[in-house]
Amino acid sequence: SIETVGPLPLEKSWAEQQNADYLLLAISDGTPHIPGKLAEYVSTRRPIYLVGTSDWTSRFDLLPLSLYPKQPPISTPPATGTHGFSKIIGQLEKP
């Protein structure tokens, strides 16, 4: 089941993210930059569903519905589309 919560203080939000089975990152069409929320989600090491398309998702070859890191994107052959997340993570992890 999906659980939504209202606005939370930052530390409580982080705790909720750590305890989640999956995290959802919805992308608005035309968003030109990688949202900071992605870095926040990656730091939890929880699976992330990315939903939507924009300029940056296209640059990283992500599909409109992708899952990182556990499985390939839905409705695609294995190992197709997930390399986009690897590129993003590599950039986020650089000092």
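Scroll up to find the structure.
Residues numbered from 1 in each chain as written. Predicted model: local features only at pLDDT ≥ 70, side-chain atom pairs only at ≥ 80, totals over all residues. Heavy atoms only, no water.

**Student:** Talk me through the overall build of the protein chain; I want residue IDs and the actual numbers.
**Tutor:** Broken down by element type, the protein chain carries four helices and three strands. Ordered by position in the sequence, the α and β elements of the protein chain form the string α-β-α-β-α-β-α. When the 95 residues of the protein chain are sorted by exposure, 33% land in the buried category. Accessible area of the protein chain: about 6,300 Å², with a carbon and sulfur share of 55%. (Helix = DSSP H or I, 4+ residues; strand = E, 2+ residues; numbered from the N terminus. Buried < 20%, exposed > 50% of the residue type's maximum accessible area, 1.4 Å probe, protein only. Areas by Shrake-Rupley, 256 points an atom, 1.4 Å probe, with all protein chains shown as cover.)

**Student:** So what's going on with the packing of aromatic side chains? Residues and values would help.
**Tutor:** Counted by the stated rule, this structure contains one aromatic pair. Measuring from ring centre to ring centre gives 5.3 Å for Tyr-22 and Tyr-49, while their planes differ by 45 degrees; the resulting arrangement is tilted. Of this pair, Tyr-22 sits in the loop between α1 (10–19) and β1 (23–26) while Tyr-49 sits in strand β2 (residues 48–51), placing them 27 residues apart in sequence. For Tyr-49, a relative accessible area of 24% puts it in the partly exposed group. (Phe/Tyr/Trp six-rings, centres within 6.5 Å; stacked < 30°, edge-to-face > 60°.)

**Student:** Break down helix α2 (residues 36–44) for me, citing the residues and quoting the values.
**Tutor:** Every buried residue belonging to α2 is among Leu-38, Glu-40, Tyr-41, Val-42 and Thr-44, and all of these are buried. Trailing α2 by a residue or two, Arg-45 shows a phi angle of about 60 degrees, which is positive.

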